[in-house]
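Next come the chains, spelled out residue by residue.
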Amino acid sequence: MEAGLVEHGRDMVGHVTRVGYVKKIITKRRRRTRRIVRSPQAAVPMALQELFVSCLDVFKGPGTVPAPQDVQKLCHILDNMKPEDVGLSGELQFFQPSNEVKSDPRVTYTTIYQCDNFSLCIFFLPATGVIPLHNHPGMTVFSKLLLGAMHIKSYDWVDPVDSDSSVQSSPLRLAKLKADRVFTAPCDTSVLYPTTGGNIHAFTAITPCAVLDVLGPPYSNDDGRDCSYYKDHPYAASKVETTVNMEEADRYGWLEEIELPENSKMDGIEYLGPQIIEPS
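Each chain has its residues counted from 1, following the order in which its sequence is written. Local features in a predicted model are, by the rule used here, given only for residues with pLDDT of at least 70; side-chain atom pairs are given and counted only at 80 or more, and totals for whole chains, interfaces and linings are based on all residues. Note that water and hydrogens are dropped before the side-chain values are worked out from all heavy atoms of the structure.

In the nomenclature of an unreviewed UniProt entry, the chain is known as cysteine dioxygenase of Carya illinoinensis. UniProt positions are given in the numbering used here, feature names are shortened, and annotations may be inferred rather than shown by experiment. Entered under Sequence similarities (unreviewed entry) in the UniProt record, the comment concerning the chain runs "Belongs to the cysteine dioxygenase family." The record in UniProt for the chain states the following under Catalytic activity (unreviewed entry): "L-cysteine + O2 = 3-sulfino-L-alanine + H(+)".

**Student:** What am I meant to see in helix α2 (residues 68-79) here?
**Tutor:** Strands here mean DSSP runs of E at least two residues long; helices mean DSSP runs of H or I at least four residues long; both are numbered from the N terminus. How far a helix is expected to stretch is found by multiplying one less than its residue total by 1.5 Å. Helix length check: α2 (12 residues) gives 16 Å between terminal C-alpha atoms against 16 Å at 1.5 Å per residue, within 8%. Burial classes: relative accessible area under 20% of the type maximum marks a residue as buried, over 50% as exposed, and values in between as partly exposed (1.4 Å probe, protein chains only). Those residues of α2 not exposed but buried are Asp 70, Val 71, Leu 74, Cys 75, Ile 77 and Leu 78. In a view along the axis of α2, the buried residues occupy a sector of 160°, so they form one face of it. Away from its buried face by more than 90 degrees, α2 exposes Pro 68, Gln 69, Gln 72 and His 76. By definition, the arc is the one covered by directions from the helix axis to the C-beta atoms.

**Student:** So what exactly am I meant to see when it comes to the pairing of strand β3 (residues 108-114) here?
**Tutor:** Side-chain positions along a regular strand alternate between the two faces of the sheet. Counting buried residues along β3, 5 of its 7 residues qualify, which places the element largely inside the surrounding structure. If DSSP finds at least two bridges between two strands, the strands pair. Alignment of β3 against strand β4 (residues 119-125), held across 6 bridges, turns out to be antiparallel. Each bridged residue has a counterpart across the sheet, and for Tyr 113 the counterpart in β4 is Leu 120. The hairpin formed by β3 and β4 contains 4 residues between the paired strands. Sheet topology note: the β3/strand β14 (residues 267-268) ladder contains 2 bridges and is parallel. Residue Tyr 109 lies in a different strand from β14, and its bridge partner there is Gly 268.

**Student:** What am I meant to see in the side chain of His 136 here?
**Tutor:** Note that His 136 resides in the loop between β5 (130-134) and β6 (140-147). Polar contacts involving the side chain of His 136 include one to the side chain of His 134, which spans 3.3 Å. There is a polar contact of 3.4 Å between the side chain of His 136 and the side chain of His 201. Any pair of nitrogen or oxygen atoms within 3.5 Å is treated as a polar contact; in protein, a donor-acceptor pairing is required on top of that, and neighbouring residues in sequence qualify only through side-chain atoms on both sides.

**Student:** Hey, could you run me through the packing of aromatic side chains in this one?
**Tutor:** Each aromatic ring pair is described using two quantities: the centre-to-centre distance and the angle formed by the ring planes. Working definition: rings of Phe, Tyr and Trp (its six-membered ring) pair if their centres are within 6.5 Å, and the pair is stacked with planes under 30 degrees apart, edge-to-face with planes over 60 apart, and tilted otherwise. What the rule picks out here adds up to 10 aromatic pairs. Between Phe 52 and Tyr 113, the ring centres sit 4.9 Å apart and the planes meet at 70°, which makes this aromatic pair edge-to-face. Remark: Tyr 113 occurs in strand β3 and Phe 52 occurs in helix α1 (residues 46-58); sequence separation between them is 61 residues. Each of the two residues, Phe 52 as well as Tyr 113, counts as buried.

So this is what it looks like as structure tokens:
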């Protein structure tokens, strides 16, 4: 993309409150984030519209998991999506390596679309920004790293429903490590499921990043899909007896539920990228 087509957003002093969009700037909203009304003049990238229409078909509501062929279909669309499909570009100031690293880097997010069955969101992580370990209860989530490099660490519960009273009484719960490595865009879409695929994960930005997430269904306190946060501990940190072979102990950890750290709270910003067209 030619530099002349991109308007650069400036870094704010303190927390990031703006992320540059192609020809637009989005700013922090003072009220709850909601999708904005589409602009009839804006051209809709085919990939974004195809993703939206496919999500309408794939996600059937709470308590359901997309069929394997539907997972493959969404992954194919997301794998081929580019930053420009949601109004972003690596030329924007936010994504430049020369960006000053803040002492308290704030993560921001924007919602492209949300309904009861699914949501489309983008998370912006400045360099060293962290989204701590958190779960996705009853949800299937597709994550596409659009820009940047980030470290992803993820776990699944060893026993999703553990009836052992001695384990239940402990603040620590055993989980198996699923991923612990750096991903760099462009890369394949990752998928997590209600009980597999690394349902509990954490993001740490190596460079400024943008991640497109498709969540089905989205979080909902009213429906029991609240987000919980965790701190992980080495397997050797607990004396609780398990069936884990000590030779594989480094592939397991104990998770402790915690309150969301104050410095991990996120700011919602308005989405002003290309707008999807809802069916009439």
